[in-house]
Amino acid sequence: MDTKHGIRLENVSKHFRKGSDVVRALDGIALEVPGGALATVRGPSGSGKTTLINLVAGLMRPTSGAVFVAGERLDGLSPAQRAALRARRIAVVFQMFHLVPYLTTIENVLLPTLAAPAAPGENLAERAQSMIAALGIEHRTGHFPDELSVGERQRCAVARALLHRPEVVLADEPTGNLDPDSARRVLEALDTCRAEGATVLLVTHHPVDSIHPDIEFRLENGVLSG
Ligand SMILES: Nc1ncnc2c1ncn2[C@@H]1O[C@H](COP(=O)(O)OP(=O)(O)O)[C@@H](O)[C@H]1O
Ligand SMILES: [Mg+2]
């Protein structure tokens, strides 16, 4: 494990203003996930998990504090540079999948090629097929999202996120509401990323029994503990 390709948050807070109230979604978080480690953050609904993923993905800026991902300090980057980082090096598995409804499974999985072409020597059409097979949805390659079960949709979204062999994988409740077989396949895919050297941050309030995290955190009311 090394720290260069990992994730580091220094005293990060994210506050939302709601009328005259301030919601402290995250409050002075310090978190370190060394490169190549798989970390879980467990916490109940409303504890700040999605906010944490959005900050690490560079989709949201912290109210205060610094976020480092894959050797980059995110607030030193322009929006275009952050988008470029997400196009290839940082992958996000969203809780709500965000599949494109009029594209088939294989087309959704190949969507990241629009934002970033294949690395030299990589055949992404083959890579897409092998990810689809590894996730056990090869019989759904030509189906549209509304023809898939919830578990199959999430597996499609995971295959898409992992297409470019990202250095950092962020997953927001990727097994929420999935059948046990789909949940196991999704967790195994994240575990394979770790085995291939990626840094994985998984936030969830569901059990993750089929994998063994290197680091486990708890999040309660925006406060992180180790
Ligand atoms: N855009 C927003 N505006 C106001 N409050 C928000 C916003 N996003 C999240 N929150 C609040 O921040 C807290 C943490 O939310 P979230 O990160 O979505 O938690 P979790 O993913 O653990 O359920 C919740 O109280 C939520 O209502
Ligand atoms: Mg959430």
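Residues numbered from 1 in each chain as written. Chains lettered and ligands numbered in written order. Predicted model: local features only at pLDDT ≥ 70, side-chain atom pairs only at ≥ 80, totals over all residues.

### Section: the pairing of strand β8 (residues 199–204)
Reasoning step 1: Of all six residues that make up β8, five are buried, and the element is covered over most of its length.
Reasoning step 2: One ladder, built from five bridges, connects strand β3 (residues 38–42) with β8; its direction is parallel. Within β8, the residue paired with Val41 across the bridge is Val203.
Reasoning step 3: The β-α-β motif built from strand β7 (residues 168–172), the intervening helix α7 (residues 180–195) and the parallel element β8 has right-handed crossover chirality. (Buried ≥ 20, exposed ≤ 12 C-beta atoms within 10 Å, placed from the backbone. Helix = DSSP H or I, 4+ residues; strand = E, 2+ residues; numbered from the N terminus. Pairing = 2+ DSSP bridges. Right-handed = clockwise from strand over helix to strand, strands pointing away.)

### Here we look at the confidence of the model for the protein chain
Reasoning step 1: Predicted confidence across the protein chain gives a mean pLDDT of 93, with 98% of residues reaching 70 or more.
Reasoning step 2: The secondary structure element of the protein chain with the lowest average pLDDT is strand β1 (residues 2–18), at 88, and the one with the highest is helix α3 (residues 105–110), at 98. (pLDDT = per-residue confidence, 0-100.)

### Description of the site of ligand 1
Reasoning step 1: Near ligand 1 you find Phe16, Lys18, Val23, Ala25, Gly43, Ser45, Gly46, Ser47, Gly48, Lys49, Thr50 and Thr51, and these make up its full shell.
Reasoning step 2: Of all elements in the fold, only β1, β2 (21–35) and α1 (49–56) reach the threshold of two or more residues within the shell around ligand 1.
Reasoning step 3: In terms of residue class, the shell around ligand 1 is made up of three nonpolar, seven polar and two charged. (Near = placed C-beta within 6 Å. Nonpolar A, V, L, I, M, F, W, Y, C, P; charged D, E, K, R; others polar.)

### So, α7
Reasoning step 1: Across its 16 residues, α7 extends 22 Å between first and last C-alpha, which sits within 8% of the 22 Å expected from 1.5 Å per residue.
Reasoning step 2: Within the span of α7, buried status applies to Ser182, Ala183, Arg185, Val186, Leu187, Ala189, Leu190 and Cys193.
Reasoning step 3: Here the buried face of α7 lies against β3, α5 (124–134), α6 (150–162), β7 and β8.
Reasoning step 4: Downstream of α7 by a residue or two, Gly197 has a phi angle that is positive, lying close to 105°. (Expected span 1.5 Å × (residues − 1). Contact = placed C-beta atoms within 7 Å.)

### Structural notes on the environment of Ser149
Reasoning step 1: Inspection of the secondary structure puts Ser149 in the loop between α5 and α6.
Reasoning step 2: For the pair Ser149 and Leu170, spaced 21 residues apart in sequence, the C-alpha separation works out to 23 Å.

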